[in-house]
Amino acid sequence: MGKIQLMDEWLSNKIAAGEVVERPSSVVKELVENAIDAGSTSIEVFLEEAGLSFIQVVDNGSGMDESDAMLCFSRHATSKISKEQDLFRIRTLGFRGEALASIASVSKFSLKTSDGESGIEIQLEGGHLVDKKPGSLRKGTDITVSQLFYNTPARLKYLKTIQTELSHSIEFMNRMALAYPNIAFKLVHNGGTLLHTNGRGNVQQVLAAIYGAPIAKKMIHFSGESKDYKVYGYASLPEVTRASKNYISIFVNGRWVRHYLVQKTVIDAYHTFLPIERYPIVVLYIEGDPYLTDVNVHPAKLQIRLSKEEELLPLIEKTIRECIRNAIHVPIVEKKLKPARPQTEQMNIWKSSINETKLEQIVEKLSGGSDVVKESEGAENVQEERGTTPAVLEDDWVLPKEEFQQEPQVEASPIMEEEEVVEERKEPFPQLEIVGQIHGTYIVAQMEDGFYLIDQHAAQERIKYEYFKEKVGLVNPNERQTLLLPLTFHYSQDEMFILKEHREALEEVGVFLEEFGTNTFLVREHPTWFPEGFEQEIIEELIEQVLKSRKTDVKKLREEAAIMMSCKKSIKANYYLTKEQMEALLEDLRKAENPFTCPHGRPVMIHFSTYEIEKMFKRVM
Ligand code: ADP
Ligand code: MG
């Protein structure tokens, strides 16, 4: 008797699951893509423990009738393609008909669905039907996947930390929100809302929901066309940069894809505009006949082949480059400066929507070049700013309060004041494992996708800078230390005069000057947190700053004080660290608000992805 047998369907589903369902975010991806294919306008995703214990996706799409609901778990069950030709003009996200079968085979699965006429509820465990009953008539589908991989423990072992797994889902949802601005997306993790878009079709509002309004304001619209392709999207001004290429999102006919050459072309479009190792935030939409885009390359469908690259790539580069070039030549923009808002209100604004028409006008002006954005009222607060940085009116990002009153609280970066350095929303810090140190200068740490080189000096500067920034931000009278011998500082008469005038500003950063005769100041005490051994030097440098600028710009002085202090005593190059010291350094870096650049704007860590390495070794094309 022959040895070959046909596998039973249950076993083959489980094997297919290994390909399609790699981790919780793959489930989120498949379910959300199904919801999109079903024509939903609202998709809500709820996760517990990054999806490992619970994933729920609720949509308001077409739903299924009873027979489809029973059939959708069979392998290769799909409503999306029926003949071979269809494969070459795919317009839906799914088409293989394997996702539900695979997911159900490795989880406890519940499906509630209704096409508006009948409703059904189905429960499966490990792919086997355990319950089936009539359900609600609310049109749409509600799928719950619990205890993912409960029957494939080997797969569980490969999963990373909750944070890493969650970051995959967040990244995916962000990209879907950008791909489908007409769909309202919601992502909730352990009860906290991580993303909420309004589905009103405005990409810049989605950008604001993802990156925060200050960044969204600095993204400029571009568009261009050739014979076969249309490209458009939003590109960040050169002043907004990131340490990773991950912020370049590419969508081909609505599908998010990875495409090395397209990504490289986008980066090339910024050539000379950005410092080395810094990358822009770009959302690029490419549209062309589905015949030109072959999606059937990989089961996860992230990689695609594009035809006529020689036409497409120059179109992308030229369109983005021209947009950036025009945008950075905006000469004068008037803007309104406002006092800081209370924190809670700032958070509301972050997740509030944007006044569409006004925003469009402003963005048009910014990308158009020479027009001045006019301010009509509030003349007492209006200042003029000359420079190359376009600014927009804050009010245009604020909707009346009622618009966002019912929204739940979300973790969000507050909107900064116009004059402040715009901090990005915190990128997730990678899960790193220290491999070693090279040249007594760089720490080598590997992670899931490749490795990082971390400049130990820059890293420590960043950590110290954030520490001092907080300290200098609010000089606490209880944190003061009296010196046994006062420090003395000598200045000329005119300098003494300037310093007396700006004494309060200096006190704000912890320098307490006491006049002593005509040419001398004494300092009897200083904050306890002044870097030890550098007290005299720091005070001198801060005084220098005031003498040089002759202005009382406390905010700037604080910023300079923090940078100055962070430079002192940071570990220099050529200094060998123990593994414990390296670990402590990375742990502190992880806690930093922005661990990716030093206070001077240089990168702290550089990522080498597995893909890049494999490309260098010509293991992949
Ligand atoms: P595919 O998406 O590749 O067709 P799936 O296994 O993901 O395969 O889904 C199988 C079928 O189940 C789909 O073709 C679709 O008809 C149906 N389906 C799945 N999810 C939904 C949903 N959220 N709303 C309506 N129909 C759905
Ligand atoms: Mg699908």
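Quantities reported herein were computed from a predicted structural model and do not represent experimental measurements.

Conventions used here
Residues numbered from 1 in each chain as written. Chains lettered and ligands numbered in written order. Predicted model: local features only at pLDDT ≥ 70, side-chain atom pairs only at ≥ 80, totals over all residues. Heavy atoms only, no water. Salt bridge = Lys/Arg side-chain N within 4 Å of Asp/Glu carboxyl O. Buried < 20%, exposed > 50% of the residue type's maximum accessible area, 1.4 Å probe, protein only. Helix = DSSP H or I, 4+ residues; strand = E, 2+ residues; numbered from the N terminus. Axes fitted to C-alpha atoms, helices over the stretch in contact; angles between N-to-C directions. Parallel < 35°, antiparallel > 145°, perpendicular 65-115°, else oblique. Left-handed = near helix turned anticlockwise from the far one by under 90°. Contact = heavy atoms within 4.5 Å. Nonpolar A, V, L, I, M, F, W, Y, C, P; charged D, E, K, R; others polar. Pairing = 2+ DSSP bridges.

### As for the pattern of salt bridges
Alright, step 1. Counted under the stated rule, the structure contains 20 salt bridges.
Alright, step 2. In this structure, lysine 227 and aspartate 228 form a salt bridge, with 3.7 Å as the shortest nitrogen-oxygen distance.
Alright, step 3. Judged by relative accessible area, which is 71%, lysine 227 ranks as exposed.
Alright, step 4. Under the relative-accessibility criterion, aspartate 228 is labelled partly exposed at 22%.
Alright, step 5. One salt bridge in this structure joins glutamate 559 and lysine 469, with 3.8 Å as the shortest N-O distance. On the criterion of sequence distance, the pair formed by glutamate 559 in helix α17 (residues 554–567) and lysine 469 in helix α13 (residues 456–473) is long-range, its members being 90 residues apart.
Alright, step 6. Looking at glutamate 559, the relative accessible area reads 23%, which means it is partly exposed.
Alright, step 7. For lysine 469, a relative accessible area of 35% gives the class partly exposed.
Alright, step 8. One network of salt bridges, with partners in common, ties together Lys227, Asp228 and Lys308.

### Some details on the packing of helix α2 (residues 24–37) against helix α6 (residues 162–179)
Alright, step 1. At their nearest, the axes of α2 and α6 sit 8 Å apart, and the two run at 20° to each other. Relative to α6, the element α2 lies roughly parallel. Considering how the two elements wind past one another, α2 and α6 form a crossing that is right-handed. Across from Pro24, Ser25, Val28, Lys29, Val32, Glu33 and Ile36 in α2, the residues of α6 making contact are Glu165, His168, Ser169, Phe172, Met173 and Met176.
Alright, step 2. Each residue belonging to the contact of α2 with α6 can be placed in one class, and the counts come to seven nonpolar, three polar and three charged.

### Examining the sheet that holds strand β3 (residues 108–114)
Alright, step 1. Taken in spatial order, the eight strands of this open sheet run β5-β4-β3-β6-β2-β1-β7-β8, and their pairing is mixed. Lying at the two open borders of the sheet, with one neighbouring strand each, are β5 (128–134) and β8 (192–196). Pairwise comparison of adjacent strand axes, ignoring direction, gives a mean angle of 10° for this sheet.
Alright, step 2. Contacting β1 (42–48), β7 (184–189) and β8, α6 crosses the sheet at an angle of about 170° to β7.

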